[in-house]
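# Structural characterization, general
Given next are the chains, with one letter for each unit.
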Amino acid sequence: MVPTEVTNSIRRLRFEMGEMTQQQLADAVGATRQTIIAIESGKYAPSLELAFRIARHFGRGVEDVFGFRD
Amino acid sequence: MSNRERISWVALMVNLTAGGSYFANILLLPASADLFDSRVAHMSVWVVFLVIIASEVLSRIVQKRAGGGGDAADIDERDTAIQLRAHRNAHYVLGGALVAVIIRIVLIKGEPDSTLHNAESVLDVLMKEPLAVMHVVQLLVAALCLSAVAFNLSRIFFYRRGY
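One structure accompanies this document, and this report is about it. Given the structure is predicted, the values throughout are model-derived calculations rather than measurements. (Residues numbered from 1 in each chain as written. Chains lettered and ligands numbered in written order. Predicted model: local features only at pLDDT ≥ 70, side-chain atom pairs only at ≥ 80, totals over all residues. Heavy atoms only, no water.)

### Re the nonpolar core
As a reminder of what qualifies: In these notes, a set of buried Ala, Val, Leu, Ile, Met, Phe, Trp, Tyr and Cys residues joined through side-chain atoms within 4.5 Å is what counts as a nonpolar core. Working definition: with a 1.4 Å probe on protein chains only, accessible area under 20% of the residue-type maximum means buried, over 50% means exposed, and in between means partly exposed. Helix and strand definitions here come from DSSP, where helices need a minimum of 4 consecutive H or I residues and strands a minimum of 2 consecutive E residues; each element is numbered from the N-terminal end. Whether two residues are in contact is decided by their heavy atoms: any pair within 4.5 Å suffices.
A:Ile10 and A:Ile54 are the most contacted members of the largest nonpolar core, which totals 18 residues. Elements supplying a minimum of two residues to this core: α1 (10–16), α2 (22–29), α3 (33–40) and α4 (48–58) of chain A. It is α4(A) that provides the largest number of residues to this core, a total of five residues. If near-sequence neighbours (up to four positions away) are discounted, A:Ile10 is found in contact with A:Leu25, A:Ile39, A:Glu40, A:Ile54, A:Phe58, A:Val65 and A:Phe66. Formed by 17 residues, the second largest nonpolar core is a distinct cluster that contains B:Tyr22, B:Val40, B:Leu126 and B:Leu131.

### Thoughts on the pattern of salt bridges
Side-chain pairs of opposite charge can arise whenever the charged atoms involved come near each other. Residues and elements named next belong to chain A. To keep things clear, this is the line we draw: Any Lys or Arg side-chain nitrogen located within 4 Å of an Asp or Glu carboxyl oxygen qualifies as a salt bridge.
On inspection of all chains with the given rule, the structure shows seven salt bridges over all chains. The salt bridge involving Glu 40 is made with Arg 11; its shortest N-O contact spans 3.6 Å. Note that Glu 40 is positioned in helix α3 and Arg 11 in helix α1, a separation of 29 residues in sequence. Residue Glu 40 is classed as buried on the basis of its relative accessible area, which comes to 17%. The residue Glu 49 makes a salt bridge to Arg 53 at a minimum N-O spacing of 3.1 Å. Of the two residues, Glu 49 and Arg 53 both sit in helix α4, four residues apart, roughly one turn of that helix.

### Considering the packing of aromatic side chains
Residues and elements named next belong to chain B. Selection rule: Centres within 6.5 Å make a pair out of two Phe, Tyr or Trp rings, where for Trp the six-membered ring is used; the pair is then stacked when the planes are under 30 degrees apart, edge-to-face when over 60, and tilted otherwise.
Enumeration over the complete set of coordinates arrives at two aromatic pairs over all chains. Seen from their ring centres, Tyr 22 and Phe 23 are 5.0 Å apart, and the 80° between their planes marks the pair as edge-to-face. For the pair Tyr 22 and Phe 23, one class covers both residues: buried.

### Let's talk about α2(A)
Here is the rule: In this description, the arc belongs to the directions extending from the helix axis to the C-beta atoms.
When α2(A) is considered as a whole, its buried residues turn out to be A:Gln22, A:Leu25, A:Ala26 and A:Val29. Along the axis of α2(A), the buried positions cluster into a sector of 100°, meaning they face one direction only.

### With respect to the environment of B:Pro30
Along the polypeptide, B:Pro30 turns up in the loop between α1 (3–27) and α2 (38–65). C-alpha separation for the pair B:Pro30 and B:Leu123, spaced 93 residues apart in sequence, amounts to 8.8 Å.

This is the structure:
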């Protein structure tokens, strides 16, 4: 399988926010835990809307949370 | 394994079991069997009900055992994307199967029932003989079954892969 070119720092940010669980993040942004797992492991690139919701939940900008592999 | 993947496995097993038992019965009937016969019609209806009811009941059991909520109850963008991809693959399979049925009908022309002496079973008729209406119906049912199997296999594949 070819992983997505979109990278992210969700795992690090979750732990910086008091070891937030994947389920808690999923509930907060309106996604399923499986989707958060897929995003974190680089198997799924979220839509722009979900990316904004995740970034906003961490109080960061989208580019602080997501990047693009060169 | 996520609940949605479990539900896909359940649906796939129901499709394979119901479709397999249906065609195992139909294809082994003698070539001269009347496919308009009420027993065959009852079996067809029974299989359709079995697929619908068994899929629904088993899916609810899987959801209930998982606690009802969570990813079994909610659909997000990834689920929708996987559903769309699975539908697309099922559509391709259905289209291909329908083209195969059309080619099969066109390749062997002739009056139905005129050369049944060469066939021993319904399977022989479907492979070698000019087709009657109910034989075409069986091929179309097979195409639908293949499409449903492709749909569930695609869902399982995408859920296992992540997307």
